[in-house]
Amino acid sequence: MLPTRFVSMTLSMTRLRMSAARSSTAAIGLVTLISISGCAVGPKYQRPSAPVPSQFKESAVPTTQAGGITPIAYNDWWRVFDDPVLDRLEKEAVAANQDIRVAVARVDQAEAAARYSRSFLSPTVSLGTSASRTREAMNRPNNGNTFGKAASFNDFPSALFFSYEIDAWGRVRHSLESARDVQQATEADLRLVRLSIEASVAMDYFSLRENDAERAILDSTIEQLQQALDVMTNRFRSGIASELEVKQAKTLLDQTKAQAQALDVQRSQLEHAIAVLDGRTASEFSLPRSPFDGVPPSIPPGLPSDLLARRPDITEADRFVAAATAQIGVARTAYLPQLSLTGFAGFDSTNTASLFSWQNGIASLGAAALTPVFNGGRIRAGVDQAKAAFRGSLAQYEKTVLIAYQEVEDQLAALRILSGEAQSETDAVADARRTEEIAMNRYKSGLVGYLDVLVAQTTLLSNQRTAAQISGQRMVATVVLVKALGGGWLGVSTPPQGKANNQSGETGTQATGVPAARKEKALSDVNQTMVLPK
């Protein structure tokens, strides 16, 4: 195999006594001339195409608001639920959540990487100075200056060294473009992490409220069953009721107590999960019981094409496509000559006393072009690798878009079906309550046994719990729909809501470990770049 060879053209003048001003002027002029005549190679970024349906398969949930559609802002979308406790928890999570801190750190890292890439657009200037003493052999070649004798001398050079890669083919510019795209992707990821944390807080919160509603139902049922057991016990002592009926009543009471205790386990876990999301220890965090009883707000989905601008994960995937496009350009520049300028200007003397004398000035300016001739296909492999990475990022973008539509359709369908299910379950609760009343009256009249009463009570309890669960599922599905839509509508403020706006002093004051201004700037930048760049 032939060794790697390079064709190199070098023009240099070493130890040329000339003024530093003339050296700088010549270097800048040459850099400007070559840079202007250069051109960037590689493909240009084009917005990825994605299948966009004309409308969602599932129709929007009919609005219950008096004014029609309820607008939602990006940064406080949860206020549409008009819950002051949720508002406080969300603000605490944004201020102290550890995942958000990690995402902010990634944004800072990507920003620093972009600044690092940008630095290669400027020349590198360094200052070097050294001191040495050298003894030359008497029989060294070409020993004429010292008349065939050994000699020793000092050398004290001090100079500014200059180097610059002429970006004639766009390698540095493509690298900077890729770094900026990655930075924008991490900013979109920060928005995605924040939205995910906010949605997790809301889902856990409404699940906890649904748990409280079930517990309230069980507590009320336990109280009624205890009263029924007391009556049954008295009837048994009076010889009116049988021991079997007493045991049946007690069994149902014990089963209901066990169900209530099982709910307590779930509630504790939900409470602990909210504490972690808010950046607090589970040991010092608690929420008072507050059963939820209401209907979710209506969230209009808008047009399917809006997702391309709203969803931060789609923006993130698009920016990675742009970064991969720029990397193809970086790889292709390896086929072309690498142009560079080098030089130095300073002083050199054998005596420090006269080091900075004008007569001891030195300067050098050189230009070089290095072109690969043979490297075993290394450059072609690098280009193929960059192209494969681009195809992968493009497929990931298309997958992200498809998943976005799926998630919206899933929640629209869930809300539509749950709305009908809630109405059916409300009717079932009313029917079961009436059945329980009839069974109790018939039992008191001696027409049926107590088993009929137990069946009616069990059916009523089951339907009441199911109704509470459906209510909680509707709230959670609404939160997930907001998340699937990207969090809200950019540039639209949430309308004032009395309960949320009256809260003060509980907005989360824990330190984030990241300057607040820096984090808010990153989030603001993401909000301003939701529309895919052209």
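This one's a predicted model, so the numbers in the text were calculated from it and none came from an experiment.

**Quick look at the overall build of the protein**
The helix and strand tally for the protein stands at eleven helices and six strands. A buried classification covers 42% of the 534 residues belonging to the protein. Once local pairs closer than 6 in sequence are excluded, the contacts in the protein between residues at least 24 apart make up 86%. Of the roughly 28,400 Å² of accessible surface on the protein, 56% is carried by carbon and sulfur atoms.

**A look at the pattern of salt bridges**
For the coordinates displayed, the defined rule picks out 23 salt bridges. Between R88 and E92 there is a salt bridge, with the nearest N and O atoms lying 3.5 Å from each other. Highlighted residues: R88 and E92, both in helix α2 (residues 84-96), separated by four residues, approximately one helical turn. Just as R88 is buried, E92 falls in that class too. The shortest N-O distance in the salt bridge between D219 and R215 comes to 2.8 Å. Taken together, the positions of D219 and R215, both in helix α4 (residues 171-237) and four residues apart, correspond to about one turn of that helix. D219 gets classed as partly exposed once you look at its relative accessible area, which sits at 35%. Taken together, the shared-partner salt bridges in this structure form one network comprising R209, D212, R215, D219, D264, R267, E271 and R289.

**So, unusual backbone geometry**
With the exception of glycine, most residues fall at negative phi, and the peptide bonds are largely trans. Positive phi, close to 55°, is recorded for D82, a residue that is not glycine. In this fold, D82 is placed in the loop between α1 (20-37) and α2. Note on D82: relative accessible area 31%, which makes it partly exposed.

**Details of helix α3 (residues 98-118)**
Two residues of an α-helix separated by three or four positions point the same way, owing to the 3.6 residues in each turn. Counted at 1.5 Å a residue, the expected span for α3 with its 21 residues is 30 Å, and the 30 Å between its end C-alpha atoms agrees. Considered for burial, the residues of α3 that qualify are I100, A103, V104, V107, A110, A114 and S117. The arc enclosing the buried residues of α3, seen along the axis, measures out at 140°, which places them on a common side. Opposite the packed face of α3, turned more than 90 degrees from it, sit the exposed residues Q109 and Y116. A side-chain oxygen of the first residue of α3 lies 2.8 Å from the backbone nitrogen of D99; this N-cap is N97.

**Digging into the nonpolar core**
Ranked by internal contacts, the top residues of the largest apolar core, which has 54 residues, are W77, F81, L86, F206, L307 and V408. Elements that contribute at least two residues to this core include exactly α2, α3, α4, α5 (243-277), α6 (307-310), α7 (312-332), α8 (378-444) and α9 (450-484). Looking at this core element by element, the count peaks at ten residues for α4. The contacts of F81, once residues within four sequence positions are left out, are L86, F206, P297, M475, T478 and V479. Grouped together as the second largest cluster of nonpolar side chains are 25 residues, A241, A249, M440 and Y443 included.

**Section: the pairing of strand β4 (residues 151-166)**
Two strands pair when backbone bridges link them, and strand β2 (residues 124-129) and β4 are joined in this way by six bridges, in the antiparallel orientation. Bridging from a neighbouring strand, V125 pairs with F162 of β4. Bridge count between strand β3 (residues 132-136) and β4: five bridges; the pairing is antiparallel. Along β4, the bridge assignment pairs R135 with S152. Relative to strand β5 (residues 338-349), β4 is paired through eleven bridges, and the arrangement is antiparallel. When the bridges of β5 are listed, E165 appears paired with S340.

**Some words on the confidence of the model for the protein**
Averaged over every residue, the pLDDT of the protein is 81; the share at 70 or more is 79%. The low-confidence segment residues 1-28 (pLDDT under 50) makes 47 contacts with residues lying over four places distant or belonging to another chain. A low-confidence stretch, residues 60-70 stays under pLDDT 50, and its non-local contacts, those more than four residues away or across chains, total twelve contacts.

**A few points about the side chain of S393**
Its place among the elements puts S393 in helix α8. In contact with S393, other than residues within four places in its own chain, are F320, V321 and A324.

**Considering the packing of α4 against α5**
Contact geometry for α4 and α5: axes closest at 8 Å, N-to-C directions at 160°. By the angle between their directions, the pair α4 and α5 is classed as roughly antiparallel. The handedness of the crossing between α4 and α5 comes out as left-handed. Across the contact of α4 with α5, the residue classes tally to 20 nonpolar, nine polar and twelve charged.

**Describing the environment of G42**
Relative to the assigned elements, G42 resides in the loop between α1 and α2. Considered as a pair, G42 and R332 are 290 residues apart in the sequence and their alpha carbons are 6.5 Å apart. If near-sequence neighbours (up to four positions away) are discounted, G42 is found in contact with H174, G329 and R332.

**Some words on the packing of α5 against α9**
With their axes 10 Å apart at the nearest point, α5 and α9 run at an angle of 15° to one another. Put simply, α5 runs roughly parallel to α9. Here α5 runs over α9; the crossing is right-handed. Of the residues in α9, those touching α5 at E245, Q248, A249, L252, T256, Q259 and L263 are Y450, L451, L454, Q457, T458, L461 and R465. Of the residues belonging to the contact of α5 with α9, the class tally is seven nonpolar, five polar and two charged.

**What to know about α7**
When the terminal C-alpha atoms of α7 are compared, their 31 Å separation across 21 residues agrees well with the 30 Å that a helix rising 1.5 Å per residue should span. In terms of burial, α7 is largely enclosed, as 18 of its 21 residues are buried.

**Quick word on the environment of V453**
Mapped onto the fold, V453 is located in helix α9. Classification of V453 as buried rests on a relative accessible area of 0%. For the pair formed by V453 and E436, sequence separation is 17 residues and the distance between their alpha carbons is 6.4 Å.

About the criteria used
Residues numbered from 1 in each chain as written. Predicted model: local features only at pLDDT ≥ 70, side-chain atom pairs only at ≥ 80, totals over all residues. Heavy atoms only, no water. Helix = DSSP H or I, 4+ residues; strand = E, 2+ residues; numbered from the N terminus. Buried < 20%, exposed > 50% of the residue type's maximum accessible area, 1.4 Å probe, protein only. Contact = heavy atoms within 4.5 Å. Areas by Shrake-Rupley, 256 points an atom, 1.4 Å probe, with all protein chains shown as cover. Salt bridge = Lys/Arg side-chain N within 4 Å of Asp/Glu carboxyl O. Expected span 1.5 Å × (residues − 1). Arc of directions from axis to C-beta. Polar contact = N/O pair within 3.5 Å; in protein donor to acceptor, adjacent residues only side chain to side chain. Core = buried A, V, L, I, M, F, W, Y, C linked by side-chain atoms within 4.5 Å. Pairing = 2+ DSSP bridges. pLDDT = per-residue confidence, 0-100. Axes fitted to C-alpha atoms, helices over the stretch in contact; angles between N-to-C directions. Parallel < 35°, antiparallel > 145°, perpendicular 65-115°, else oblique. Left-handed = near helix turned anticlockwise from the far one by under 90°. Nonpolar A, V, L, I, M, F, W, Y, C, P; charged D, E, K, R; others polar.

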